[in-house]
Amino acid sequence: MQAKFPFYLSKPFKILFLEVDDLIVIGCCYLLAMLFGGFFWLSLVALPVAFHIFKRRMPQGFVANLPYFLGLVTLHCYPTFFEDEFAE
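Note that residues are indexed from 1 along each chain, following the sequence as it is written. For a predicted model such as this one, the threshold for reporting local features is a pLDDT of at least 70, and the threshold for listing and counting side-chain atom pairs is 80 or more; totals across whole chains, interfaces and linings nevertheless cover every residue. In computing side-chain properties, one takes all heavy atoms of the structure into account and sets aside hydrogens as well as water.

As for the overall build of the chain
Then, number 1: The helix and strand labels rest on DSSP assignments: H or I over at least four residues marks a helix, E over at least two residues marks a strand, and numbering proceeds from the N terminus. A count of helices and strands for the chain gives three helices and two strands.
Then, number 2: Across the 88 residues of the chain, 12% fall into the buried class.
Then, number 3: In the chain, once contacts between residues fewer than 6 apart in sequence are set aside, the share between residues at least 24 apart is 25%.
Then, number 4: Using the Shrake-Rupley algorithm and a 1.4 Å probe, accessible areas are obtained, with residue cover drawn only from the displayed protein chains. Only carbon and sulfur atoms are counted for the fraction: they give 69% of the accessible area of the chain, which is about 8300 Å². Buried residues are those whose accessible area, probed at 1.4 Å on protein chains only, stays under 20% of the maximum for their type, while exposed residues exceed 50% and partly exposed ones sit between those limits. The contact definition used throughout considers only heavy atoms, calling two residues in contact when any of these lie within 4.5 Å.

Overview of the pattern of salt bridges
Then, number 1: Salt bridge criterion: a side-chain nitrogen from Lys or Arg within 4 Å of a carboxyl oxygen from Asp or Glu. Evaluated as defined, the whole model comprises three salt bridges.
Then, number 2: Between E19 and K55 there is a salt bridge; the shortest N-O distance is 3.1 Å. Residue E19 is found in strand β2 (residues 18-19), and its partner K55 is found in helix α2 (residues 40-57); the two are separated by 36 residues along the sequence.
Then, number 3: The class of E19 is partly exposed, set by a relative accessible area of 22%.
Then, number 4: Relative accessible area serves as the criterion here: at 11%, K55 is assigned to the buried category.

Some thoughts on the side chain of K55
Then, number 1: We define a polar contact as two N or O atoms separated by no more than 3.5 Å, with the added condition that, inside protein, one atom must be a possible hydrogen donor and the other a possible acceptor, whereas residues neighbouring each other in sequence contribute only through side-chain atom pairs. In this structure the side chain of K55 is engaged in a polar contact, spanning 3.0 Å, whose partner is the side chain of D22.
Then, number 2: Ignoring sequence-local partners within four residues, the contact set of K55 consists of E19, D21, D22 and F62.

Notes on the packing of aromatic side chains
Then, number 1: Within 6.5 Å between ring centres, the rings of Phe, Tyr and Trp (the latter by its six-membered ring) count as paired, and their orientation is classed by plane angle as stacked under 30 degrees, edge-to-face over 60, tilted in between. Following the criterion strictly, the structure yields five aromatic pairs and no others.
Then, number 2: Consider the rings of F39 and F40, whose centres lie 6.3 Å apart with planes at 65°: the pair is edge-to-face.
Then, number 3: On the basis of relative accessible area, F39 is assigned to the exposed category, the value being 62%.
Then, number 4: Residues F54 and F62 carry aromatic rings whose centres are separated by 5.6 Å and whose planes lie at 75° to one another, so their mutual orientation is edge-to-face.
Then, number 5: Judged by relative accessible area, which is 41%, F54 ranks as partly exposed.
Then, number 6: F62 sits in the buried class, given a relative accessible area of 11%.
Then, number 7: Here the aromatic cluster, defined as three or more aromatic residues joined through ring pairs, consists of F36, F39 and F40.

Considerations on the state of the cysteines
Then, number 1: A pair of sulfur atoms, both from cysteines and within 2.5 Å, is called a disulfide here. Counting across every chain of the model gives zero disulfides.
Then, number 2: Here C28 stays free of any disulfide, with the sulfur of C29 as its closest cysteine sulfur at 7.0 Å.

See below:
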């Protein structure tokens, strides 16, 4: 089996017309709707639409850097996000 090489390297991987991070949001909303029901079925439509609108305003690939900006992950041997000057 041969894997397809993307035509453009900067083009995001898509399934149907959705990117992977959109599918993760839809999957999490579906999981919550199946577990709790009620109001969470409405979130199955509302949250992915709101996330898509929010994502269009941000630069491409910001979701991968989001854990760093939120402080959940630290990068070793790199200056902090808020440093203006540093010596290499």
